[in-house]
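# Architecture and fold: a report
Residue-level listing of the chains:
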Amino acid sequence: MNEFSDANWFSLKRSIGEGNVIPIIGPDALMVDYENQTLPFYRLITSDLLRIFQIEPQPEILQHTWSLHKAVSIILANKGGQGIDQRIRREVSRLVAHYSNLVQPAESLRLLANLPIFTLFISLTPDNLLEQAMTDPHNIETTRVSIFSPRDASESLADLSLLRQGERGIFQMLGSCTNVGSGFAMHEEDALEYMFLLQSSAARRFASILSELRRRDKLFINCNFPDWLGRAIFRLVNDNRLYVKDTLEFLCPNAEDMGLHTFLTQYSPNTLGFEGQPEKLVKKLSQSFQAISSSTKPSVFPRRKSTGPGPTVFISYASENADSARRIAETLLNLGFSDVWLDKKKLIGGDDWSDRIFEAIEKTDFFIPILSKEADRRREGVFWDEWKTALEQARSIKDVFILPVGIDTEFPEKKAYSRISDGDTVTFFDKHLFHAPRGILSPEADEAFRERIRLFLEASHV
């Protein structure tokens, strides 16, 4: 199989170019230079850890991506006793600190960490090597690290939604051993518990990160998940079931565990694999995106206003127009809308009103149908039902409720749309139409929406 199939490479490059990809960094991506050789960082940690507990390191353990998990499980099985868990944690923390001062990030890690198109990274290891690889005395950008640890109630639990322009973010999903007081996942049961708690009790504290993970495409680099861990993480970072989601996962290398490979092939058609060495993919990405200047980098998170007294809005669109819909949603939040319902079951800004789409339409202050040639070509689609519901809702509202937005290059005129201009939806063209080619609102449209917000607040006596 070609290492970079044309279709998969095209999809990845396009998504990265749109600022829509979050890299998720696995253990084997942490390649380091040490004593005239380049090797995975955790091969050093695992080898010394096993020897400390008088267990001879075996090649099949050292060469495993999740070698630390494997080594800790062997130690627990062979060297049980009171306090053994805490002793292992102390030794792992000591070894990580020791070797972090002796190694240098290898070229592949430095290229990956400094790709300017990436502003948010998810780290699956408890060290600070990714941050270390980002440190460049000639680069004025700063890196902010956020750590999830169930036992840590400190500021390290802060979300990354407050990143300023020019900052980069690292979210350590499975904890850190470099921060005093923070916990970290050092074996399989730890990892499972971390993901469970992140999904449940910690979701409130990391709402922005989880939201970004779930709405954007993911690039898994040198993760090589075992079957159970891969299934758990893929479900955690997606809003919808794997076989119906419209986000993409790119795996490099492809799933090596045959159980996981079979599962993804059968149930996750939007998970795409790259064969070959991830270092080659990183170099190819660097060649494609290294020249991007900091002024053109996407934000880690779109600038959003806090939920306030402004109106709420429901955006309805054909799936082909998802990117344009998200751009419009982000703009509306910046203009003063308090909540935007987007992606059917996900709200950008604020909490979820309801799991039921049509109840949400009834509760929202405004409804925006996205008019496009793609939507007009569709004979079927959930958006047609949403539009019908909104038209029925509009009959009971003595005010403007529906705000149609056209996203095609040409201004949305009735004659350009055969299906939308037929039946009840023809009334869209009797209303004030907004024009936002590819989801980018013109200054005039911005001002018209601001005026709509002002009138709404005035009528609400806010």
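As a starting point, this report considers the structure included with it. (Residues numbered from 1 in each chain as written. Predicted model: local features only at pLDDT ≥ 70, side-chain atom pairs only at ≥ 80, totals over all residues. Heavy atoms only, no water.)

## Concerning the overall build of the protein chain
To be explicit about the condition: The helix and strand labels rest on DSSP assignments: H or I over at least four residues marks a helix, E over at least two residues marks a strand, and numbering proceeds from the N terminus. For every residue, the accessible area (1.4 Å probe, protein chains only) is compared with the maximum for its type, and the residue is labelled buried under 20%, exposed over 50%, or partly exposed between those bounds. Working rule for contacts: check all heavy atoms of both residues, and any pair within 4.5 Å makes them a contact. Here the Shrake-Rupley method, with its probe set to 1.4 Å, supplies the accessible areas, and only the displayed protein chains count as covering residues.
Within the protein chain, the regular secondary structure consists of 17 helices and 16 strands. In the protein chain, which comprises 462 residues, the proportion classed as buried is 54%. Summarising the internal contacts of the protein chain: among those between residues at least 6 apart in sequence, 74% fall at separations of at least 24. As displayed, the protein chain offers around 21,500 Å² of accessible surface, 48% of which is attributable to carbon and sulfur atoms.

## Some remarks on the pairing of strand β8 (residues 217–221)
Keep this limit in mind: We treat two strands as partners when DSSP finds at least two bridges between them. Note on handedness: a clockwise path from strand one over the helix to strand two, with the strands aimed away from the viewer, defines a right-handed crossover.
Among the five residues in β8, five count as buried, and that is most of the element. The alternating pattern of β8 places Asp217, Leu219 and Ile221 and Lys218 and Phe220 on opposite faces, both of which are buried. Two elements, β8 and strand β9 (residues 249–252), share four bridges in a ladder whose sense is parallel. Looking at β9, one finds that Lys218 is bridged to Glu249. Crossover connection from β8 via helix α10 (residues 227–236) to parallel β9: handedness right-handed.

## Let's talk about the packing of helix α13 (residues 322–335) against helix α17 (residues 443–459)
So the rule is basically this: For helices, the axis comes from a line fit to the C-alpha atoms of the stretch in contact; other axes are also lines fit to C-alpha atoms, and the angle between any two N-to-C directions lies between 0 and 180 degrees. By definition in this entry, angles of less than 35 degrees are roughly parallel, angles greater than 145 are roughly antiparallel, angles of 65 to 115 are roughly perpendicular, and the rest are oblique. Definitions for this section: a left-handed crossing has its near helix turned counterclockwise from the far helix by less than a right angle. A right-handed crossing has that turn clockwise. Any residue outside Ala, Val, Leu, Ile, Met, Phe, Trp, Tyr, Cys, Pro, Asp, Glu, Lys and Arg is labelled polar, Gly included; the first ten of those are nonpolar and the last four are charged.
In contact at an axis separation of 10 Å, α13 and α17 are set at 55 degrees when each is read in the N-to-C sense. If you check the angle between α13 and α17, you find them oblique. Both α13 and α17 take part in a crossing whose hand is right-handed. Contacts between α13 and α17 involve Thr331, Leu332 and Leu335 on the former and, on the latter, Asp446, Phe449, Arg450 and Ile453. Tallied by class, the residues present in the contact of α13 with α17 amount to four nonpolar, one polar and two charged.

## Some words on the nonpolar core
Basically, it comes down to this: What is meant by a nonpolar core is a set of buried Ala, Val, Leu, Ile, Met, Phe, Trp, Tyr and Cys residues, joined one to another through side-chain atoms within 4.5 Å.
Residues Leu12, Phe41, Leu49, Ile88, Phe118, Leu219 and Leu285 are the most contacted members of the largest nonpolar core, which totals 57 residues. Leave out the neighbours within four places in its chain, and Ile88 touches Leu49, Phe53, Val72, Ile75, Leu76 and Met186. Grouped together as the second largest cluster of nonpolar side chains are 33 residues, Ala191, Ile209, Phe225 and Phe263 included.

## Re the packing of aromatic side chains
Cut-off, in case you're wondering: Two aromatic rings from Phe, Tyr or Trp, using only the six-membered ring of Trp, form a pair when their centres are within 6.5 Å; if the ring planes differ by under 30 degrees the pair is stacked, by over 60 it is edge-to-face, and anything between is tilted. Lysine and arginine charges are scored as sitting over a ring when NZ or CZ, respectively, is within 6 Å of the ring centre and within 35 degrees of the ring normal.
Counted under the stated rule, the structure contains 22 aromatic pairs. Each ring, one from Phe148 and one from Tyr194, has its centre 5.7 Å from the other, and the planes form 80 degrees; the classification is edge-to-face. Of this pair, Phe148 sits in the loop between β6 (142–147) and β7 (167–172) while Tyr194 is found in helix α8 (residues 188–199), placing the two residues 46 residues apart along the sequence. When sorted by exposure, Phe148 lands in the same class as Tyr194, which is buried. Taken together, the ring pairs in this structure connect Phe337, Phe366, Phe434, Phe449 and Phe456 into an aromatic cluster. In this structure, Arg89 packs its charged tip against the face of Phe184, placed 5.5 Å from the ring centre. In this structure, Lys284 packs its charged tip against the face of Trp9, placed 4.4 Å from the ring centre.

## Points about the sheet that holds β9
Strand order in the open sheet formed by seven strands is β6-β7-β5-β1-β8-β9-β10, with parallel pairing between adjacent strands. The open sheet has two edge strands, β6 and β10 (271–273), and neither has a second partner. Here the average twist between neighbouring strands, direction ignored, is 20 degrees. Judged from the two bridges that link them, strand β1 (residues 21–25) and strand β5 (residues 120–123) form a sheet pairing that is parallel. Note on β5: the bridge partner recorded for Ile24 is Ile122.

## A closer look at the sheet that holds strand β3 (residues 37–40)
With antiparallel pairing, the three strands of this open sheet are ordered in space as β3-β2-β4. In this open sheet, the two edge strands, each paired with only one partner strand, are β3 and β4 (104–105). Strand direction decides the pairing type here: strand β2 (residues 31–34) and β3, joined by four bridges, are antiparallel. Looking at the pairing, Tyr34 lines up with Gln37 of β3. Contacting β2 and β3, helix α2 (residues 41–52) crosses the sheet at an angle of about 75 degrees to β3.

## Thoughts on the side chain of Asp127
Note the following rule: Residues counted as positive are Lys and Arg, residues counted as negative are Asp and Glu, and His and the chain ends are not counted. A pair is scored as a salt bridge if a Lys or Arg side-chain nitrogen falls within 4 Å of a carboxyl oxygen belonging to Asp or Glu. Between N or O atoms, a polar contact is any pair within 3.5 Å; within protein, one atom must be a potential hydrogen donor and the other a potential acceptor, and residues adjacent in sequence are included only when both atoms are from side chains.
Summarising the element assignment, Asp127 is placed in the loop between β5 and α7 (129–134). No salt bridge is formed by the buried Asp127, whose closest oppositely charged neighbour, Arg89, lies at an N-O distance of 13 Å. Of note is the side chain of Asp127, whose polar atom sits 2.8 Å from the side chain of Thr125.

## Describing the pattern of salt bridges
Following the criterion strictly, the structure yields 14 salt bridges and no others. A salt bridge links Glu91 to Arg94; its shortest N-O distance comes to 3.1 Å. Of this pair, Glu91 and Arg94 are both found in helix α5 (residues 84–100), three residues apart, which corresponds to roughly one turn of the helix. Classification of Glu91 as buried rests on a relative accessible area of 16%. Judged by relative accessible area, Arg94 falls into the partly exposed class, the value being 44%. Where Arg454 meets Glu451, a salt bridge forms, and the shortest distance between an N and an O atom there is 2.5 Å. Taken together, the residues span about one helical turn, with Arg454 and Glu451 both in helix α17 at a distance of three residues. Salt bridges here are not isolated pairs; linked through shared partners, they connect Asp85, Arg89 and Asp190.

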